[in-house]
Amino acid sequence: DWSSDPWLSSVADKTFSSEKEVEIRFVLPLLERLGFSEEDRADGHPVEQIVGVRKIRTEADFVLFNGLNRSKDNALLVVEAKKVGKNLADHISQARSYAMFLCTPYYLVTNGDEIRVYLYRSPIESDVEVFKLTRHDIRTTIGTLYNLISRQAIVEYKRKKTAH
């Protein structure tokens, strides 16, 4: 029952003045509600990317895994957080590239006001925006978000996908 959750009841009225505040006061409580524990979460996770013939090392804000094993087989979700007011469209390709190199089926981009969730398909196919909401709608849409990208839902999605 989400209606009695104090964070969900108050999050619409919060103010975030930096990317770090979005991460700590918005993303972390949201991930907790989506069933991810601290041991699933890799904060500032290094991502080795190939650009042309060069390897570059970048860092994803959060990568969620199925437990402590940090392998691609266990990678579930990339979360890229931005400061309030940042245009999310400018940062989708960044999150997408992390999803591609880490092999996560989903990635989420947020600026603390807006949340967009994408299904990563492949390097050559377009991704699908599967959910879009604002922080003000989160109280009424958390159930839908949970059914889509909770730890349990993504583990099940990956299990079905690898079974085929």
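These numbers come from a predicted model, not from an experiment.

Chemist: Please clarify how unusual backbone geometry should be interpreted in this entry.
Modeler: Note: most peptide bonds trans; most residues except glycine with negative phi. Located in the positive-phi region is Cys103, a residue other than glycine, with phi close to 65°. Residue position: Cys103 is located in the loop between helix H3 (92-102) and strand S4 (106-110). By relative accessible area, which is 39% here, Cys103 ends up partly exposed.

Chemist: Where do I start with the side chain of Lys82 in this structure?
Modeler: Looking at the element boundaries, Lys82 is found in the loop between strand S3 (75-81) and H3. On the accessibility criterion, Lys82 (9% relative accessible area) is buried. There is a polar contact of 3.3 Å between the side chain of Lys82 and the side chain of Gln94. Non-local contacts of Lys82, meaning those with residues more than four positions away in its chain, are made with Glu19, Val22, His91, Gln94, Thr110, Asn111 and Gly112.

Chemist: What is the right way to look at the environment of Gln49 in this model?
Modeler: Note on placement: Gln49 falls in strand S1 (residues 41-51). Every residue in contact with Gln49, bar those within four places of it in the chain, is listed here: Arg54, Lys55, Ile56, Thr58, Ser97, Tyr98 and Phe101. A distance of 2.9 Å separates the side chain of Gln49 from the side chain of Ser97, its partner in a polar contact.

Chemist: Would you mind showing me how to read the packing of helix H2 (residues 19-33) against helix H4 (residues 138-149) here?
Modeler: When two helices pack together, their arrangement is captured by the angle between the axes and the distance separating the axes. One can describe the packing of H2 onto H4 by two numbers: an axis separation of 11 Å at closest approach and a directional angle of 55°. In this view, H2 runs oblique relative to H4, as classed from their interaxial angle. Our pair here, H2 against H4, has a crossing hand that is right-handed. Of H4, the residues touching H2 (which contributes Phe26, Leu30 and Arg33) are Ile138, Ile142, Leu145 and Tyr146. Partitioned by chemical class, the residues of the contact of H2 with H4 number 6 nonpolar, no polar and 1 charged.

Chemist: For this particular structure, what's the right way to read helix H5 (residues 151-163)?
Modeler: Every α-helix carries 3.6 residues per turn, so stepping three or four residues along brings you back to the same face. Along its 13 residues, H5 runs 18 Å from first to last C-alpha, staying within 8% of the 18 Å computed at 1.5 Å per residue. Taken together, the buried positions of H5 are occupied by Ala153, Ile154 and Lys158. Taken around the axis of H5, the buried residues stretch over an arc of 130°, which confines them to a single face. Across from the buried face of H5, at angles greater than 90 degrees, the exposed residues are Gln152 and Ala163. Buried-residue contacts for H5 involve S3, S4 and H4.

Chemist: Explain the sheet that holds S4 to me, please; I cannot follow it from the model alone.
Modeler: Strand pairing in a sheet relies on backbone hydrogen bonds, with the paired strands running either antiparallel or parallel. Pairing in this open sheet of 6 strands is mixed, and the strands run S1-S2-S3-S4-S5-S6 from one edge to the other. Sheet topology places S1 and strand S6 (128-134) at the edges, where each strand pairs with a single neighbour. On average, each strand axis in the sheet is tilted by 30° relative to the strand beside it, whichever way the strands run. Most of the contacts of H2 go to S3, to which it runs at about 145°, and overall it touches S1, strand S2 (54-65), S3, S4 and strand S5 (114-119).

Chemist: Just checking my understanding: could you explain the nonpolar core for this structure?
Modeler: Side chains of nonpolar character tend, in soluble globular proteins, to be buried together. In terms of nonpolar packing, the biggest core is built from 29 residues, with Phe26, Leu77, Ile138, Leu145 and Ile149 touching the most fellow members. Put simply, the parts of the chain that give this core at least two residues each are helix H1 (6-10), H2, S2, S3, S4, S5, S6 and H4. The leading source of residues in this core is H2, at 5 residues. Of all hydrophobic cores here, the second largest spans 18 residues; its members include Ala42, Val63, Val78 and Tyr118.

So, how was this worked out
- Residues numbered from 1 in each chain as written.
- Predicted model: local features only at pLDDT ≥ 70, side-chain atom pairs only at ≥ 80, totals over all residues.
- Heavy atoms only, no water.
- Helix = DSSP H or I, 4+ residues; strand = E, 2+ residues; numbered from the N terminus.
- Buried < 20%, exposed > 50% of the residue type's maximum accessible area, 1.4 Å probe, protein only.
- Polar contact = N/O pair within 3.5 Å; in protein donor to acceptor, adjacent residues only side chain to side chain.
- Contact = heavy atoms within 4.5 Å.
- Axes fitted to C-alpha atoms, helices over the stretch in contact; angles between N-to-C directions.
- Parallel < 35°, antiparallel > 145°, perpendicular 65-115°, else oblique.
- Left-handed = near helix turned anticlockwise from the far one by under 90°.
- Nonpolar A, V, L, I, M, F, W, Y, C, P; charged D, E, K, R; others polar.
- Expected span 1.5 Å × (residues − 1).
- Arc of directions from axis to C-beta.
- Pairing = 2+ DSSP bridges.
- Core = buried A, V, L, I, M, F, W, Y, C linked by side-chain atoms within 4.5 Å.

Keep in mind that these numbers describe shape and distance, not what the molecule does.
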